[in-house]
Amino acid sequence: MHRPQNRVVELVAYLALGVALWISMGMIVRADEGTPQQEAPQQETSDSGAAIADLGSGINIDAGDDVGTVESSNLRGLGALERSRGRRTYFESLSAINLQKAIDAYLENQRERIESYYEMRDYRDQKVADKRHTVSLEDAKRIAKEKAPDRLTSQEFDAKNGKIYWPDPLDDKVLLPYTRLINETFAKRSDPGQRYRGEDARRVQRMVQLMQSAVDTIKHELPVREYITLSDYLSSVSYEASFDAAGNRVDQ
């Protein structure tokens, strides 16, 4: 029953002997080519062991390789795989960070561009508006004259003695404190011995404003046309006070 095993052992021994002889012959050939003879036994032992291990395990072993068991090889392979996955994850994370930085920089540039656009547009609009509303001194005087109320006529005002002919209801006794002060100021203007000044004109204009406020309180009792006529008359009195007897403006 043990003869097959003995035959296998004998066969392995014969094969090992054959390999050893083959290696020895190779060493002799190398020696003839110039290889030192003292290195032959060490090389023979190493190559013989490698050949026997090769026969026993079925693994091709190259000189200098670090070869372990199947399990250790698998573990080394799995370790290399995990390291590769780790590197890939790291570079993917790094790429995501760089991408986010690029997006943030782009958005910041867009924000600055939009702000610059609106600032320039506001600046341009302001310049256009300033240019549009720029009015020369001559034009300003002309516009003021066109918008100014009419001066009092001779039927409304006696320039020689400064007497104003107040229409109804402006001649009411309720308004007498205002009308009397206005008449006295215009009488001063008509007097050649007195100097009519800007403060006199402003006094008349304040009194006119108070009279206009009084008229506004009864606005709902007056016809619209009459209310407009009274307001225009008071505006003419205020405007007339801006001039002295010679027709020169004193309120500027």
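Here is what the cut-offs are and how they apply
Residues numbered from 1 in each chain as written. Predicted model: local features only at pLDDT ≥ 70, side-chain atom pairs only at ≥ 80, totals over all residues. Heavy atoms only, no water. Helix = DSSP H or I, 4+ residues; strand = E, 2+ residues; numbered from the N terminus. Buried < 20%, exposed > 50% of the residue type's maximum accessible area, 1.4 Å probe, protein only. Contact = heavy atoms within 4.5 Å. Areas by Shrake-Rupley, 256 points an atom, 1.4 Å probe, with all protein chains shown as cover. pLDDT = per-residue confidence, 0-100. Core = buried A, V, L, I, M, F, W, Y, C linked by side-chain atoms within 4.5 Å. Phe/Tyr/Trp six-rings, centres within 6.5 Å; stacked < 30°, edge-to-face > 60°. Lys NZ or Arg CZ within 6 Å of the ring centre and 35° of its normal. Axes fitted to C-alpha atoms, helices over the stretch in contact; angles between N-to-C directions. Parallel < 35°, antiparallel > 145°, perpendicular 65-115°, else oblique. Nonpolar A, V, L, I, M, F, W, Y, C, P; charged D, E, K, R; others polar. Salt bridge = Lys/Arg side-chain N within 4 Å of Asp/Glu carboxyl O. Expected span 1.5 Å × (residues − 1).

Trainee: What's the story with the overall build of the protein chain in this structure? I'm lost.
Mentor: For the protein chain, the count of helices and strands is seven helices and two strands. Starting at the N terminus and walking to the C terminus, you meet the elements of the protein chain as α-α-α-α-β-β-α-α-α. Taken across its 252 residues, the protein chain has 19% of its residues classed as buried. For the protein chain, the proportion of contacts with a sequence separation of at least 24, taken over those separated by at least 6, is 58%. Counting only carbon and sulfur atoms, one obtains 55% of the accessible surface of the protein chain, whose full area is about 19,500 Å².

Trainee: Explanation requested: the side chain of glutamine 205 in the structure shown.
Mentor: Note that glutamine 205 resides in helix α6 (residues 198–217). Residues within four places of glutamine 205 in sequence aside, it is in contact with Ser238, Ser242 and Asp251.

Trainee: What should I look at first to understand the confidence of the model for the protein chain in this one?
Mentor: Interpretation of the predicted coordinates at a detailed level should be avoided for regions scoring low in pLDDT. Overall, the prediction assigns the protein chain a mean pLDDT of 76, with 66% of residues at 70 or greater. This stretch, residues 34–65, has a pLDDT under 50; its non-local contacts, to residues over four places away or in other chains, come to 18 contacts.

Trainee: Explanation requested: the nonpolar core in the structure shown.
Mentor: General note: in soluble globular proteins, nonpolar side chains tend to be found buried as a group. Residues Ile164, Trp166, Leu170, Ile182, Phe186 and Val237 are the most contacted members of the largest nonpolar core, which totals 23 residues. Listing elements by their share of this core, those giving two or more residues are α5 (176–190), α6 and α7 (224–240). The element contributing the most residues to this core is α6, with six residues. Setting aside residues up to four positions removed in sequence, leucine 170 forms contacts with Leu175, Thr179, Met211, Val215, Leu230, Tyr233 and Leu234.

Trainee: What's the story with the packing of aromatic side chains in this structure? I'm lost.
Mentor: Given two aromatic rings, one states the distance between the centres and the angle between the planes to describe the pair. One pass over the full model with this rule turns up five aromatic pairs. Each ring, one from tyrosine 90 and one from phenylalanine 91, has its centre 5.2 Å from the other, and the planes form 65 degrees; the classification is edge-to-face. With a relative accessible area of 49%, phenylalanine 91 lands in the partly exposed category. Judged by centre distance (5.2 Å) and plane angle (85 degrees), the ring pair of tyrosine 239 and phenylalanine 243 falls under edge-to-face. As far as burial versus exposure is concerned, tyrosine 239 and phenylalanine 243 are alike and both buried. Its end group placed over the ring of phenylalanine 243, arginine 151 keeps NZ or CZ at 4.1 Å from the ring centre. Positioned over the ring face of phenylalanine 243 is arginine 249, at 5.2 Å from the centre of the ring.

Trainee: Could you clarify how one ought to interpret the packing of α6 against α7 in this entry?
Mentor: Two numbers describe a pair of packed helices, the interaxial angle and the distance between the axes. For the pair α6 and α7, interaxial distance at closest approach is 9 Å and the crossing angle is 170 degrees. With respect to their mutual orientation, α6 and α7 come out roughly antiparallel. Contacts between α6 and α7 involve Val204, Gln205, Val208, Met211, Gln212, Val215 and Asp216 from the first element and Tyr227, Leu230, Ser231, Leu234, Val237 and Ser238 from the second. Considering only residue class, the contact of α6 with α7 consists of eight nonpolar, four polar and one charged.

Trainee: Just to check I follow, could you spell out unusual backbone geometry for this structure?
Mentor: The general pattern is negative phi for most residues beyond glycine and trans for most peptide bonds. In this chain, aspartate 168 is followed by proline 169 through a cis amide linkage whose omega measures 10 degrees. Looking at the element boundaries, proline 169 is found in the loop between β2 (163–164) and α5.

Trainee: Any chance you could explain the pattern of salt bridges here in plain terms?
Mentor: Where charged atoms from two side chains of opposite charge approach closely, those side chains can pair. Taken as a whole and assessed by the stated rule, the structure comprises nine salt bridges. A salt bridge links glutamate 240 to arginine 189, with the nearest nitrogen and oxygen atoms 3.1 Å apart. Here the residue glutamate 240 occupies a position in helix α7, and arginine 189 occupies one in helix α5, the gap between them amounting to 51 residues. Glutamate 240 sits in the buried class, given a relative accessible area of 3%.

Trainee: How should α7 be read in this particular structure?
Mentor: Residues spaced three or four apart along an α-helix point in a common direction, a consequence of the helix completing one turn every 3.6 residues. Between its terminal C-alpha atoms α7 stretches 24 Å, which fits the 24 Å expected from 17 residues at 1.5 Å a residue. Regarding α7, the residues found buried are Tyr227, Leu230, Ser231, Tyr233, Leu234, Ser236, Val237, Ser238, Tyr239 and Glu240.

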